[in-house]
Amino acid sequence: GRCAARRGRLPRDVRVKEETIVAMESSMSEASMSDAGVLRGVAYHANGHPRHDHDLVASDSTYWWSKQGSDLVEVRRFDPAAENASSAPPITLDVKYGAEGAVVGVEIVERDGVPDLVVLATTKGRVLVWGRPDLERGATGATPSHPSACVESGATDLASVRIISSTRTRTEFVLGSRSIGLGAAAYDAGERSAVCSFFPPGDDQGDSPAPGQDRGSGSLLQNVLGSFANRFQQGGDGSADSRGAPASPLPRSVFAVAVAYPFTIAADASGRVRCLSVRADGSAPELRGHLSLCDAVASELAEWAGKGQSHHSLDPSRLRVTPLDCVAIAGGPRAAVLALVDCGDQVRRAALFVLSVSRRGELSLENRVLLNDAWLASSAIDRGTKIAVAADASSLVVRLADGRACCFACDLGSAGECAGIQLDRFAWGCVSFAHPGGDPGFAFLLNGLQTRTLAQILLDACHNIVEALPKDKAAFGEPGGADPISAQLKSKLEQHFQFASLLHRTGWLDLVDMATAGRIVRAGEHIAALQCIRGKEVLLRDQGGASGAGGLSHDLASASSRRGSGAPDLLRSLLAEASGGHGGAEAFYSRPLASLSFLDVVSRRAESLAGGVNQAAQDVQQQSAVLDSLSRVVTETLSAVESWVRAVDSSLIPVAKGAFGHQEGYAWSSHPSLCDCLLSLSRLCVCYHRQWKRRAPALVPRLSIQLHSLITQFLHVRDAMVEATPKEKRDADAKRFAAYGEAGEEVLGALLSASYEESNHMIQDAVAELAEVHDCHGVLYDLCDKTGDSRRLHQYMRMVDPFAPYAFGRLIEANRVRDLMELPDEFSARLRGYLEQRLGSGAHEELLWMLLARGGEWSDCAGVLAGMAARAGEGAEDRERH
């Protein structure tokens, strides 16, 4: 795929593969790396009380910009934490006077929550500034906003631009050039003018510019900064006024600049990093601290070499550290420098250097992290390489100029080496942000100018695996032959497992939000479910519904064949209905949620069979065949999903309760569609059980066992679904969840009644166990009531909470006053509290005074009777008035 873009034309999606890297690099142009970008704005201190008027910090606002043709740039604000990052109306900027060269950087200063100033710099040395009035005109959309000021910096190869201070009337920013070093510029809002000048480099032997680079410096505008411009326009020979001479040489070639307020961090071509105090007020920059990255790694060259590399064969004299980008780390005076460490053919590694900045500006190396990614280390493209570091310094994203991006997750303060994940999307830029809860995240500007977070990109990559169509779409061959769709589903499951394992191993699943992480891992459950359904379809079709096909009984084949529709036809009709009749089998099995659609269809089919007007006329064997076919495909699919979950768990991918897999959302085994399907099948089984008692009593015991199996799975899935549903959703849909509770009582009560009719004590014990575990209080009460076992009732009232209040209500409803009054003394206090909460009812009042009298609490008993008499008198007066 060609990555170049001209006049606003965007490249197609680039899927990074080894064989395409060379082609992508060869197709790069200077314009293609700077047609769009994403950035964080800068603003005043959050507390509103800066130490100085110009003190700035990174703001909470995120912006993205894009070139529209050759003359216009649009700037938009968006919320990366939102589900759909909605963009505000764009600010249209006219850049035709400074369009020569690629855009090297855009900076935005916020004031009162809105953009107050925009700075745009190009590689050819032009710097354009838009003030508040011009930005407001550009936001109307009627006409593009012309720049408030345009300044020629004199540099031929700008590398970066950063804001260092800003007030309502004056904004200062620092520039880094690969040809003439470090410079500063200032914009005067009152005069609507700007001026820029570069500082002369010092005599630093290791910091010579590359051949062919211009060492000259100077400014075209001198009427604003006056002495500042004149002082440093003496040439590039290193001479300077003794009063303003820096204490240590300044860089001749700046590759990257970052601002760790109030200091400026500059990295030069020789691998030196300087911490400077820069002001565009005529004063010379003050060197606060410096550090050599070459010295930092010289003693560790053996560790940086590849496997099998001899320590004695390394030549330190060939060591070169080339900075690619430098950023400030939020939350403290720290900075991160991305660099390529090169020692000829022996060592070529990419590394991130984490630097600490003291209050006085002194630099110290806090840690260095090897970025273990082959294409990043072997890439020859350094211009346009950018990094974004999370606010908690636990992850970073490297984006190369050709649009490739790689994510690394590790503690940058302590990790020694980190593996990355390559994204398969073309990225114009990346920026870190914080979710509303404070969790760090990354926002990407992708091809097509789509704003996506890292979590969304990883979820898209997961869906690309799940939604892939079979490469070989050949139809079924002879019975027993290979099925291309089954092979594709198997391959999908393996690919997804590798993908989820990679995300877990590299730490990225711990950094995306819990709901997205759960959806990524659970996609494997949906593939496993579809694989089982497809396997059942292939098996039935190959064997033609013969005896033993898929474990189904001979009744299924014979009874269905008499109807003219065998088991394969039944399953095929269900799949056709689930797919909506569109796309065929290939499309159906490529849909991530197709298995849930299949469950919904099975549920509707079971409900239709249970409520059909002609069901009594159906043959018993035919009913058995249909019930077996429907229930087995669902239960076997559930077993397949649970087997996959166990396999994932054994591979150290956390899916247990409390890990990301079960934090938010529904797993396949706790999805409402599965719950409804098992409930419908249970009700169909209960319906057939009533009919078979008259028509085929010999088959009833087997049907009771099948009903017990379906109810067991239904209750388990129901409880998992309720637990996975947030409390606010349960409260908002209280009737629906109450209906699930009543449904459990309904089907389990039907099984209890069947067990007594059949005198099946094993089923009775199984029903009691299910009722205890799943809080089916009505079934527990009926179980004790049918046998008259008061001891068992009292035992449940002690052990099952909150069964006792339910038992009180059922005893009162049945008018079993004697049983209520003869409850053991341990229940007296709970019964009294239960009755006192319901004093508005006459029955409860009578029971309360009887309970108090039985316990000898005469004063309380008298109070209850007095209240009853008072209410009775009020009632008599009301009757007389009416």
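This text goes with the structure placed above it.
Our subject in this report is the structure included herewith. Residue indices begin from 1 for each chain and proceed along its sequence in written order. Only residues with pLDDT of at least 70 get local features here, since the model is predicted, and only at 80 or more are side-chain atom pairs given and counted; chain-wide, interface and lining totals rely on the full set of residues. Heavy atoms throughout the structure, all of them, feed into the side-chain values; hydrogens and water do not.

### A look at the sheet that holds strand β23 (residues 405-409)
Right, on to step 1. Reading across the sheet, the eight strands line up as β17-β18-β19-β20-β24-β23-β22-β21 and stay open at both edges, with mixed pairing between neighbours. Lying at the two open borders of the sheet, with one neighbouring strand each, are β17 (320-329) and β21 (386-389). Here the average twist between neighbouring strands, direction ignored, is 30 degrees.
Right, on to step 2. At least two DSSP bridges between two strands are required for those strands to pair. Helix and strand assignments follow DSSP, with helices taken as H or I runs no shorter than four residues and strands as E runs no shorter than two, numbered in order from the N terminus. As paired elements, strand β18 (residues 334-343) and strand β19 (residues 347-357) share ten bridges and run antiparallel to each other. Bridge pairing links Leu-338 to Leu-352 in β19. All axes are obtained by fitting lines to C-alpha atoms, using only the stretch in contact for helices, and the reported angles, taken between N-to-C directions, cover 0 to 180 degrees.

### Regarding unusual backbone geometry
Right, on to step 1. With a phi close to 60 degrees, Asp-112 is a non-glycine residue in the positive phi region.
Right, on to step 2. Tracing the chain through its elements places Asp-112 in the loop between β5 (103-111) and β6 (114-122).

### Overview of the packing of aromatic side chains
Right, on to step 1. Think of it this way: a Phe, Tyr or Trp ring, Trp meaning its six-membered ring, pairs with another when their centres are within 6.5 Å, and the plane angle makes it stacked under 30 degrees, edge-to-face over 60, tilted otherwise. In this structure the tally under the stated criterion is eight aromatic pairs.
Right, on to step 2. Plain terms: the ring middles of Phe-588 and Tyr-589 are 5.0 Å apart, the flat faces sit at 80 degrees to each other, and that makes the pair edge-to-face.
Right, on to step 3. A simple rule labels every residue: compare its accessible area, found with a 1.4 Å probe on the protein chains alone, to the largest value its type can have, and call it buried under 20%, exposed over 50%, or partly exposed in between. Here Phe-588 falls in the buried class, since its relative accessible area comes to 3%.
Right, on to step 4. Among the residues examined, Tyr-589 registers a relative accessible area of 3% and is labelled buried.
Right, on to step 5. An aromatic cluster is present here, built from Tyr-796, Phe-803 and Tyr-806 joined pairwise through their rings.
Right, on to step 6. Here Arg-178 stacks its cationic end above the ring of Phe-255, 4.1 Å away from the centre of that ring.
Right, on to step 7. One cation-aromatic arrangement involves Arg-736 over Phe-737; the distance from NZ or CZ to the ring centre is 5.3 Å. The criterion is that NZ of a Lys, or CZ of an Arg, lies within 6 Å of the ring centre and within 35 degrees of the ring normal, and then a charge sits over that ring.

### Focus: the pattern of salt bridges
Right, on to step 1. For this analysis, a salt bridge means a side-chain nitrogen from Lys or Arg found within 4 Å of a carboxyl oxygen belonging to Asp or Glu. Here the structure, examined in full by the defined rule, presents 35 salt bridges.
Right, on to step 2. For Arg-534, the salt bridge is made with Asp-483, and the minimal N-O distance between the two is 3.0 Å. Taken together, the residues span a long stretch of sequence, with Arg-534 in helix α9 (residues 514-543) and Asp-483 in the loop between α7 (454-466) and α8 (484-506) at a distance of 51 residues. The burial state of Arg-534 is the same as that of Asp-483; both residues are buried.
Right, on to step 3. Connected through shared salt-bridge partners, Arg-111, Asp-116, Arg-132 and Glu-136 make up one network.

Remember, this is a structural readout, not a statement about activity or role.
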